[in-house]
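# Structural characterization, general
The primary structure of each chain is shown beneath.
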Amino acid sequence: MPSKAEQELFLPSTPGKFKDKSHSMHRQFHRCFASTSTMFLWALFLVALTAAYLSFQSFVDSGSKYFSAAWGGVQWEKNVRASAQIHRHNGAAVLVTGAAGFVGSHVSLALKKRGDGVVGLDNFNNYYDPSLKKARKHLLNSHNIFIVEGDVNDARMLAKLFEIVRFTHVMHLAAQAGVRYAMENPQSYVHSNIAGLVTLLESCKAANPQPAIVWASSSSVYGLNEKVPFSESDRTDRPASLYAATKKAGEEITHTYNHIYGLSITGLRFFTVYGPWGRPDMAYFSFTRNILQGKPITVYRGKDRVDLARDFTYIDDIVKGCVASLDTAKKSTGSGGKKRGPAQYRIFNLGNTSPVTVPMMVNMLEKQLKVKAKKNVVTMPGNGDVPFTHANISSARRELGYKPTTDLQTGLKKFVRWYLAYYGYNPGKPVKLF
Ligand SMILES: O=C(O)[C@H]1O[C@H](OP(=O)(O)OP(=O)(O)OC[C@H]2O[C@@H](n3ccc(=O)[nH]c3=O)[C@H](O)[C@@H]2O)[C@H](O)[C@@H](O)[C@H]1O
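The rules behind the values
Residues numbered from 1 in each chain as written. Predicted model: local features only at pLDDT ≥ 70, side-chain atom pairs only at ≥ 80, totals over all residues. Heavy atoms only, no water. UniProt positions renumbered as here; feature names shortened; annotations may be inferred. Helix = DSSP H or I, 4+ residues; strand = E, 2+ residues; numbered from the N terminus. Buried < 20%, exposed > 50% of the residue type's maximum accessible area, 1.4 Å probe, protein only. Contact = heavy atoms within 4.5 Å. Expected span 1.5 Å × (residues − 1). pLDDT = per-residue confidence, 0-100. Phe/Tyr/Trp six-rings, centres within 6.5 Å; stacked < 30°, edge-to-face > 60°. Lys NZ or Arg CZ within 6 Å of the ring centre and 35° of its normal. Pairing = 2+ DSSP bridges. Axes fitted to C-alpha atoms, helices over the stretch in contact; angles between N-to-C directions. Near = heavy atom within 4 Å. Polar contact = N/O pair within 3.5 Å; in protein donor to acceptor, adjacent residues only side chain to side chain. Areas by Shrake-Rupley, 256 points an atom, 1.4 Å probe, with all protein chains shown as cover. Salt bridge = Lys/Arg side-chain N within 4 Å of Asp/Glu carboxyl O. Core = buried A, V, L, I, M, F, W, Y, C linked by side-chain atoms within 4.5 Å.

- The protein appears in an unreviewed UniProt entry as UDP-glucuronate 4-epimerase from Buddleja alternifolia.
- Looking at the Sequence similarities (unreviewed entry) heading of the UniProt record, one finds this comment for the protein: "Belongs to the NAD(P)-dependent epimerase/dehydratase family."
- Regarding the protein, the relevant UniProt record gives this comment under Catalytic activity (unreviewed entry): "UDP-alpha-D-glucuronate = UDP-alpha-D-galacturonate".

Here it is in structure tokens:
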């Protein structure tokens, strides 16, 4: 039996066709409303389900690296704090990104050895053999340097690091390196060299105190520049590779953060850095491996059969340039995300000032290894390479006291000594002596 209220609700207030019609319309409307509301509920349910699925996916996607990164926790914080301890008067507390990388591991060791606090950060990606990165990590650990496993795109992790340690400086060396690989995997350059850089700068801007930042740009920004030697004031608006373009973008992006937020910035244009613990993707390294294994090497040649040349720069010289940059960096001027005054902005070439052709470099390796290379000389493909590099280092010399002292022959000798100690002569595959 319907209640009074229900009867009132469904009874027509006045008799008549119209009322009857309205009554039936009302019922139709009610039926219709009932089915619409069911549909609406279903739709809502589906939307909620989709949203839950998508947010779970993005959590898994972004979280996968955090899970594998495994940061946080009491012991982790203890390790970070211990690693950041300064052991000299007026020393620095430096966050080194890319600490398990070639330049990063060398700079970390140099800073730690003189008593600075050093916390490393590295995502241990597999661009090249991660076991080499792990070996560098063990080396750093043995010098009481802790390396956080994480990505510079992880803002939460960076915020945590800045909460735990009052970093005076950030040495930003984490990047997607390699000129030719940019054609294979362009997104990784955007991820690390653009997005990662911005995330790091955002964290530095928000930190209190703001650290001074020294970071790795590249000689590749000179691109198609033909004026030699390359000076910092030369054109850098014609990059020849996406790698170069992302490094050039980094220079513009860091300028913006300097201008708006008062971050102290020093960008270093490295010229083909080589040496012990180097990067296996670089020519001097892969050539050494192939020569020892009796495999052919491909030597690129420029237009009109002109040899390519690089201003190869030894790692120890680069480390000195990095450390001098940290030492001469002025403090950032912002706080609470706001600029309080103009801040320092610098860019320096760090090169060797004496380019060597690639065939000459191969020749030096052959002498060191006492093995003749099997050379395939081919015309340089359009893969982002530039024909030559040559640094003018007057600015770095004047302002950093930078003075490279290792020529390619001496540097390659040290590299080969390290290579043989680390990898051996590739037992089982006898090497061919002269
Ligand atoms: O200064 C930089 O900013 C960059 O330096 C480095 O780039 P590059 O100067 O190109 O070094 P690298 O690959 O060793 O090739 C050296 C020479 O060998 C030639 N080359 C290379 C490979 C090959 O198979 N054959 C060959 O002839 C090749 O054509 C070239 O002439 C860093 O990798 C890069 O990350 C960035 O830091």
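### Examining the overall build of the protein
- When helices and strands are tallied, the protein shows 13 helices and 13 strands.
- Counting only residues that meet the buried cut, the protein has 49% of its 434 residues in that class.
- The long-range share in the protein, meaning contacts at least 24 apart out of those at least 6 apart in sequence, stands at 82%.

### Regarding helix H13 (residues 408-423)
- Between its first and last C-alpha, H13 extends 21 Å over 16 residues, near the 22 Å set by a 1.5 Å rise per residue.
- Of all the residues in H13, the buried ones are Leu408, Gly411, Leu412, Phe415, Val416, Trp418, Tyr419 and Leu420.
- In this structure, the buried side of H13 is in contact with helix H5 (130-141), strand S7 (273-274), helix H9 (283-293), strand S10 (313-314), strand S12 (356-357) and helix H11 (358-369).
- Directly after H13, the chain includes Gly424, whose backbone phi takes a positive value near 75 degrees.

### Structural notes on the environment of Val323
- Mapped onto the elements, Val323 comes out in helix H10 (residues 315-328).
- Linking Val323 and Leu400, residues 77 residues apart in sequence, is a C-alpha distance of 9.1 Å.
- Once residues lying within four places of it in the same chain are set aside, the contact partners of Val323 are Ala110, Leu111 and Arg114.

### A closer look at the confidence of the model for the protein
- The predicted model of the protein averages 88 in pLDDT, with 82% of residues at 70 or higher.
- Confidence drops under a pLDDT of 50 for residues 55-67, and excluding neighbours within four residues, the segment shows 8 contacts in the predicted structure.
- As scored by the predictor, the complex reaches a pTM of 0.85 and an ipTM of 0.99.

### Let's talk about the packing of aromatic side chains
- One pass over the structure, following the stated rule, counts 29 aromatic pairs.
- For the ring pair Tyr181 and Tyr189, a centre distance of 6.2 Å and an interplane angle of 50 degrees mean the geometry is tilted.
- Judged by centre distance (5.4 Å) and plane angle (45 degrees), the rings of Trp277 and Trp418 are tilted. Linking Trp277 in the loop between S7 and H9 with Trp418 in helix H13, this pair joins segments that are 141 residues apart in sequence.
- In this structure Trp418 comes out as buried when scored by relative accessible area, which is 11%.
- Three or more aromatic residues link up through ring pairs in this structure, and these residues are Tyr274, Trp277, Tyr284, Phe285, Phe312, Tyr314, Phe415, Trp418, Tyr419, Tyr422 and Tyr423.
- The ring of Tyr128 carries the charged tip of Lys133 above its face, separated from the ring centre by 4.6 Å.

### With respect to the sheet that holds strand S2 (residues 117-122)
- If you walk across this open sheet you meet the 7 strands as S3-S2-S1-S4-S5-S6-S11, and the pairing is parallel. Looking at strand neighbours, the two that pair on one side only are strand S3 (146-149) and strand S11 (345-350), the edges of this open sheet. Here the strands of the sheet are splayed against their neighbours by 20 degrees on average, with no regard to which way each runs.
- Where strand S6 (residues 265-270) lies against S11, 6 bridges are found, and the strand directions are parallel. Note on S11: the bridge partner recorded for Phe270 is Leu350.
- Strands in contact with helix H4 (residues 102-113) are strand S1 (93-97), S2, strand S4 (169-172) and S6; relative to S1, the strand with the most contacts, it is inclined by about 165 degrees.

### Remarks on the site of the ligand
- In the vicinity of the ligand lie 22 residues, with Arg180, Ser218, Ser219, Thr298 and Asp385 positioned nearest.
- The contact in question runs from an oxygen atom of the ligand to an N or O atom on the backbone of Gly178, over 3.1 Å.
- At 2.9 Å from an oxygen atom of the ligand is found a main-chain nitrogen or oxygen belonging to Tyr300.
- For the ligand, the accessible surface in isolation is 690 Å², of which the surrounding protein chains cover 92%.
- Broken down by secondary-structure element, the contributors of at least two residues to the shell around the ligand are H9 and strand S8 (296-301).
- With 3 residues, the single largest contributor to the shell around the ligand is S8.

### Some words on the pattern of salt bridges
- Under the defined criterion, the tally for this structure stands at 19 salt bridges.
- Between Arg114 and Asp116 there is a salt bridge, with its nearest N and O atoms 2.8 Å apart.
- When the shortest N-O distance is used, the salt bridge between Glu163 and Lys160 registers 3.3 Å. Taken together, the residues Glu163 and Lys160, both in helix H6 (residues 155-164) and 3 residues apart, mark about one turn of the helix.
- Under the relative-accessibility criterion, Glu163 is labelled exposed at 60%.

### Digging into the nonpolar core
- Within the largest apolar cluster, 72 residues are counted, with the highest numbers of intra-cluster contacts made by Val103, Met171, Phe270, Tyr284 and Met361.
- In this structure, Met171 is in contact with Val94, Leu95, Val96, Thr97, Val107, Val214, Leu268, Cys322 and Leu326, ignoring residues within four places of it in sequence.
- Listed in part, the 31 residues of the second largest apolar core include Phe146, Met157, Leu201 and Leu263.

### So, the UniProt feature "domain: NAD-dependent epimerase/dehydratase" (unreviewed entry) in the protein
- Mapped onto this numbering, the UniProt entry gives "domain: NAD-dependent epimerase/dehydratase" (unreviewed entry) at residues 94-331.
- Overall, residues 94-331 shows 42% helix and 18% strand. The separation of its end C-alpha atoms is 13 Å.

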